[in-house]
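# A structural walkthrough
Next come the chains, spelled out residue by residue.
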Number of protein chains: 2
Amino acid sequence: ARPKVGYFYTGKTTLSFISEKIREIKVADRKSVPIVVDEESSIYDAIVTMFLEDVGTIYVTSGGYLSGVVSRKDFLKNAIGGLDLYKTPVGVIMTRMPNIVVTTLGETVLEAANKLIDHEIDSLPVVEEVSIKEGEKAYKVIGRITKTTITRLFVDLGNNE
Amino acid sequence: ARPKVGYFYTGKTTLSFISEKIREIKVADRKSVPIVVDEESSIYDAIVTMFLEDVGTIYVTSGGYLSGVVSRKDFLKNAIGGLDLYKTPVGVIMTRMPNIVVTTLGETVLEAANKLIDHEIDSLPVVEEVSIKEGEKAYKVIGRITKTTITRLFVDLGNNE
């Protein structure tokens, strides 16, 4: 067998450099501002917010804490489904806790990107866990990580920035 | 000044490795299958295709060549806008050539990702230019590159695959 001496600058080595560098990047470094509506908002108002802020997913809160997530896809399904968009609250159509995939400031962007791919979603709320009463936890929404975040990071890495 | 001798293994060097490696990846290596409807299809049928194929953007062709692009956002805007979705052809609401940003097999994924960010779009058709008659060019649609493509690539790089 070939003796394991000296340094081998192979493609494999380059790839581990990349992997190592990527794993240093935290959600806290890259998160952007979350767009949030209250659960009592009408679907119509939530759609308007989505267009004004130009995002693909908005987060829904109840009493200030994360209660749901709603995407363009959810809105489109219901917009053609004959619901009264002005009267129906967004809470009726959202994906509801605990079925929401989240990330935190301390996770790596790679972990967040893995979640986006594994769960086939476009956006993750960045949350902070708080105790609201004995034994009960809730999430405050403090950011978002989306496929746009990842694409922008990829562009920065490729452009060596 | 510090003499420029020997090798400095700094973060900067690692970053150029990453950048170099990223620039080797071509659209041809990463493209996925394009989802296409004809310009005469109704908006409703196009929305159904979008849901069945679970994509965020579909490409529209006329006579087999790229004539437009339509996204969930375009559909949502029109679904709440009171258009007759069953009778109106998708050609009425799509973004039309030549206002479509495209990529080709020979471009790098980094160039494609730059276009996604610069033009604030989610998806690029991968096209092949053909001469249809003297002096007239058209595009055949042969793939797609999206923010999901980039996110998946980022995950592969981070996981060292």
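All of the points below concern the structure found in this document. Being a predicted model, the structure only gives us computed values, none of them experimental.

With that settled, the discussion passes to the sheet that holds strand E2 (residues 57-62) of chain A. Residues and elements named next belong to chain A. Taken in spatial order, the 4 strands of this open sheet run E1-E2-E3-E4, and their pairing is mixed. What marks the edges here is a single partner per strand, and that holds for strand E1 (36-38) and strand E4 (95-96). With 6 bridges joining them, E2 and strand E3 (residues 65-71) adopt antiparallel strand pairing. Opposite Thr61, over in E3, you have Leu66 as the bridge partner. Against the sheet, helix H3 (residues 43-53) touches E1, E2 and E3, its axis set at about 130° to E2. Contacts from helix H4 (residues 72-79) reach E2, E3 and E4 within the one sheet, and its direction differs from that of E3 by about 65°.

On to the relation of the copies chain B and chain A. Note on the identical chains: chain B maps onto chain A by a rotation of 180° and an axial translation of 0.0 Å, with an RMSD of 0.0 Å. These values place the two chain copies in the arrangement generated by a two-fold rotation axis. The share of interface residues of chain B whose copies in chain A are also at the interface is 100%, consistent with both copies meeting through the same surface.

Now for helix H6 (residues 147-158) of chain A. Residue and element names in this part refer to chain A. Counted at 1.5 Å a residue, the expected span for H6 with its 12 residues is 16 Å, and the 16 Å between its end C-alpha atoms agrees. Counting buried positions over the 12 residues of H6 gives 10, a clear majority of the element. Every buried residue of H6 is accounted for by Lys147, Thr149, Ile150, Thr151, Leu153, Phe154, Val155, Asp156, Leu157 and Gly158. Looking one or two residues beyond H6, the residue adopting positive phi is Asn160, at roughly 60°.

Counting residues at the interface gives 45 residues for chain B and 45 residues for chain A. Of the roughly 4500 Å² buried between chain B and chain A on both sides combined, carbon and sulfur atoms contribute 72%. Taken together, chain B and chain A are joined by 4 salt bridges. One salt bridge connects Asp122 of chain A with Arg72 of chain B, and the closest N-O pair in it is separated by 3.7 Å. Remark: the boundary between chain B and chain A carries 8 residue pairs in polar contact (both at pLDDT 80 or more).

Quick notes on the rules
- Residues numbered from 1 in each chain as written.
- Chains lettered and ligands numbered in written order.
- Predicted model: local features only at pLDDT ≥ 70, side-chain atom pairs only at ≥ 80, totals over all residues.
- Heavy atoms only, no water.
- Pairing = 2+ DSSP bridges.
- Helix = DSSP H or I, 4+ residues; strand = E, 2+ residues; numbered from the N terminus.
- Contact = heavy atoms within 4.5 Å.
- Axes fitted to C-alpha atoms, helices over the stretch in contact; angles between N-to-C directions.
- Least-squares fit on C-alpha atoms with pLDDT ≥ 70 in both.
- Expected span 1.5 Å × (residues − 1).
- Buried < 20%, exposed > 50% of the residue type's maximum accessible area, 1.4 Å probe, protein only.
- Buried area = accessible area lost by both parts, 1.4 Å probe.
- Salt bridge = Lys/Arg side-chain N within 4 Å of Asp/Glu carboxyl O.
- Polar contact = N/O pair within 3.5 Å; in protein donor to acceptor, adjacent residues only side chain to side chain.

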